[in-house]
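# Structural features, examined
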There are 2 protein chains.
Amino acid sequence: MKINVEKCAQILKEQDNILILAHAHPDGDTVGGSFALCLALKKLGKKARVICADEFLPKYLNLIDGSLACCEAFEEEFIVAVDVATENLLGDLAEQYSGRIDMCIDHHGTNTGYAKYLLLNADAAAACETVLKVIKALKVKIDKPMANALFIGISTDTGCFRYASTTSNTYRAAAELVDLGADNGTINRVMFESKTRTYAALERLAIEGMRFYDDDRICVIKITQDMYARTGSSEQETDAIAPLTRQIEGVEVGLTFREKPDGTCKCSIRTLDSVNAAELAAAFGGGGHKQAAACRFDCGVEDAEKMLVEKASEMLSV
Amino acid sequence: MKINVEKCAQILKEQDNILILAHAHPDGDTVGGSFALCLALKKLGKKARVICADEFLPKYLNLIDGSLACCEAFEEEFIVAVDVATENLLGDLAEQYSGRIDMCIDHHGTNTGYAKYLLLNADAAAACETVLKVIKALKVKIDKPMANALFIGISTDTGCFRYASTTSNTYRAAAELVDLGADNGTINRVMFESKTRTYAALERLAIEGMRFYDDDRICVIKITQDMYARTGSSEQETDAIAPLTRQIEGVEVGLTFREKPDGTCKCSIRTLDSVNAAELAAAFGGGGHKQAAACRFDCGVEDAEKMLVEKASEMLSV
């Protein structure tokens, strides 16, 4: 059932012992939205906590002050997913919680409507834009940790206000959060202007290995387990790699393959207007947005590359 | 004489045949602010044009529709400089216009007050934030070309809303300009997500040659004439290089040297809070902001590097 912001706030007010689910391989939007909502619910005297199949990166928790979201144990009575388009994106938590999710706050047009109540704004650049509205509708005073959490979500999901998904509402939400105490300078520096030595080394290898197809309209980056070993980097550090493909002049489809320890792989897709990334990903069981999507493969990088380049090439030729 | 926005608008209303000066090696803020002001003055029926010692990059003019700022010839009666902290930043135009500038609209705290009337807001992240206010005070309806021009200035001077100089007013100005028709997605992609093949090659060489000093707190990049020759790139494409230094974990001072054809050089300085970039630049006759500044040298890169690293090291040890 689709609901609006007011209804969402009204339902949350009536609940207690609320479990909040972030999606696996958590990004700033799911972390920021989940923690901000959790902090707001706790301000209302409720018990709430955030869980995720994968660990939260310290860079997020340090900026949000994640300790504030800790809570004595409770048995969950109401389950909310934030920024989770489909239940399988919950990763290892999917089996346990599938079919049991009461509410979802999301901005993915591809949301499957798995939750009992769905608050969806597909025009929002980040789920956090909508979580901000929900917290305001809950009449909770937004403090610095909440403002930081929401700012992280909005800033990271827009590539620091860069992507075409950024609207005037996004900039306005950012202005509001800065006035509420969000440390925008620090957050943006940590999220976008900081490279660890190991990441810088991995990025250099990735750029050196770039390959181009289809009159250079398709750019492929492959990140292998061997590259992690040589640089001391890890998959957790690879989020900033995918956008590099689309930055090169003439590239319309960027494919970034990441090899898993078991030899299978995942591909992050970045496109310009000429190809719908979500459609391309969907051809291989994945999903996402118009210009940014992802899919997984049971095969190795070389085979996956062949299939995906072929499909992308087909979509470019239409 | 320092003036406020209303006084600035009032003076401009009384003038005609207005020449607008952008600073040499023009960036998005001086180009965007100059053109937006020019377009606004023309809407008021005045004659106005923009000049600069160096050529405007096509990427700016294409997005602004620079042709709109063309104008039949006139003899200038009033001269306005936009985003120009000191007269010598006018480059080859400095000799001709020094001592003759009637008005300056700027956001550099280091502005020397050379103009008869100075509208200075040192808290603004971009001169364009203030130009936006001036155009509103002139009661000119802001159209898409003006909105694009102002958005370019704000977006580029903040590294796409990333730097600590970005305030809630900056985000609010961006929201307003998007509502007025600014193509934020396209502008940000062209300014921040597009690398020519030649630039990508130059960037790779620059990163390969990075050197570190002072327990890796100082990072140096050197761009030589030989590197331009090897990659087909040029100095016009190097603006995005300097920020790369400060992105590396642990780096507090980033120095990017660019060799000139005559063997002398220029250095772009990027810092974190521990060192004031403007002060460091000032030690060598340069200037700028707290975290971003620049200076020129009459010597070659190697000698300049030695002097600047020594001074930066001294400032870090305080």
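Below: a short report on this structure.

Analysis parameters
- Residues numbered from 1 in each chain as written.
- Chains lettered and ligands numbered in written order.
- Predicted model: local features only at pLDDT ≥ 70, side-chain atom pairs only at ≥ 80, totals over all residues.
- Heavy atoms only, no water.
- Contact = heavy atoms within 4.5 Å.
- Buried area = accessible area lost by both parts, 1.4 Å probe.
- Salt bridge = Lys/Arg side-chain N within 4 Å of Asp/Glu carboxyl O.
- Polar contact = N/O pair within 3.5 Å; in protein donor to acceptor, adjacent residues only side chain to side chain.
- Helix = DSSP H or I, 4+ residues; strand = E, 2+ residues; numbered from the N terminus.
- Nonpolar A, V, L, I, M, F, W, Y, C, P; charged D, E, K, R; others polar.
- Buried < 20%, exposed > 50% of the residue type's maximum accessible area, 1.4 Å probe, protein only.
- Pairing = 2+ DSSP bridges.
- Core = buried A, V, L, I, M, F, W, Y, C linked by side-chain atoms within 4.5 Å.
- Axes fitted to C-alpha atoms, helices over the stretch in contact; angles between N-to-C directions.
- Expected span 1.5 Å × (residues − 1).

### Quick word on the interface of chain A and chain B
Across the boundary between the two partners, chain A contributes 38 residues, which contact 39 residues of chain B. Carbon and sulfur atoms supply 48% of the area that chain A and chain B bury against each other, a total of about 3,500 Å² over both sides. Across the chain A-chain B interface, the total number found is eight salt bridges. Where chain A meets chain B, there are 24 residue pairs in polar contact (both at pLDDT 80 or more). Every element with two or more residues in the side of chain A that touches chain B is listed here: α7 (168–179), α8 (184–192), α9 (197–208) and α11 (242–246) of chain A. If you tally residues by element for the side of chain A that touches chain B, the top one is α7(A), at seven residues. Looking at side-chain class alone, the side of chain A that touches chain B contains 16 nonpolar, 10 polar and 12 charged residues.

### Examining the pairing of strand β11 (residues 292–297) of chain B
As a general feature of sheets, a regular strand has side chains that alternate between the two faces. Residues and elements named next belong to chain B. Alternating residues of β11 divide into A293, C295 and F297, all buried, and A292, A294 and R296, none buried. Taken together, the six bridges between strand β9 (residues 265–271) and β11 define a ladder with antiparallel strand orientation. Residue pairing across strands places C265 opposite F297, the latter belonging to β11. Bridge count for strand β10 (residues 287–288) against β11 is two bridges, and the pairing is antiparallel.

### What about the nonpolar core?
Side chains that are nonpolar tend, in soluble globular proteins, to be buried together. By size, the foremost hydrophobic cluster in this structure holds 121 residues, and its most contacted members are A:L12, A:L37, B:L12 and B:L37. If we skip the residues at most four places from it in the chain, A:L37 touches A:L12, A:I20, A:V80, A:V82, A:I105, A:V131, A:V134 and A:I135. Membership of the second largest hydrophobic core comes to 23 residues, among which are A:C265, A:C267, A:I269 and A:V309.

### Things to note about the pattern of salt bridges
This model, assessed by the stated rule, comprises 32 salt bridges over all chains. For B:D216, the salt bridge identified is with A:R197, shortest N-O distance 3.1 Å. Here B:D216, found in the loop between β6 (211–213) and β7 (218–223), pairs with A:R197, found in helix α9, and the two come from separate chains. Residue A:R197 is classed as partly exposed on the basis of its relative accessible area of 33%. Linking A:K222 and A:E302 is a salt bridge whose minimum nitrogen-to-oxygen distance equals 3.4 Å. One end of the pair, A:K222, is in strand β7 (residues 218–223); the other, A:E302, is in helix α13 (residues 301–316), with 80 residues separating them in the sequence. With a relative accessible area of 14%, A:K222 lands in the buried category. For A:E302, a relative accessible area of 49% puts it in the partly exposed group. Here the residues in one salt-bridge network are A:R162, A:R246 and B:E193, joined through shared partners.

### Structural notes on the side chain of A:T264
Residue and element names in this part refer to chain A. Among the secondary structure elements, T264 is positioned in the loop between β8 (253–259) and β9 (265–271). Reaching out from T264, the side chain makes a polar contact with the side chain of D262 at a distance of 2.7 Å. What T264 contacts, discounting residues up to four positions off in sequence, is R258, E259, F297, D298 and C299.

### Let's talk about the environment of B:G109
Residue and element names in this part refer to chain B. With respect to the helices and strands, the residue G109 is situated in the loop between β4 (103–106) and β5 (117–120). Judged by relative accessible area, which is 58%, G109 ranks as exposed. For the pair G109 and F284, spaced 175 residues apart in sequence, the C-alpha separation works out to 18 Å.

### What about the sheet that holds β5(B)?
Residues and elements named next belong to chain B. Spatial ordering of the open sheet is given by β2-β1-β3-β4-β5, a layout of five strands whose pairing is parallel. Whereas interior strands pair on both sides, the edge strands pair on one side only; in this sheet they are β2 (48–51) and β5. Here the average twist between neighbouring strands, direction ignored, is 20°. Pairing of strand β3 (residues 78–82) with β4, which is carried by three bridges, proceeds in the parallel orientation.

### With respect to the environment of B:G286
Residues and elements named next belong to chain B. Its place among the elements puts G286 in the loop between α12 (277–282) and β10. We classify G286 as partly exposed; its relative accessible area is 25%. Along the chain, G286 and F297 lie 11 residues apart, while their C-alpha atoms are 9.5 Å from each other. The contacts of G286, once residues within four sequence positions are left out, are A281, A294 and C295.

### Remarks on helix α2 (residues 28–43) of chain A
All names here are of chain A. Along its 16 residues, α2 runs 22 Å from first to last C-alpha, staying within 8% of the 22 Å computed at 1.5 Å per residue. Most of α2 is tucked away: 14 of the 16 residues are buried. Backbone geometry just after α2 places G45 at a positive phi near 85°.

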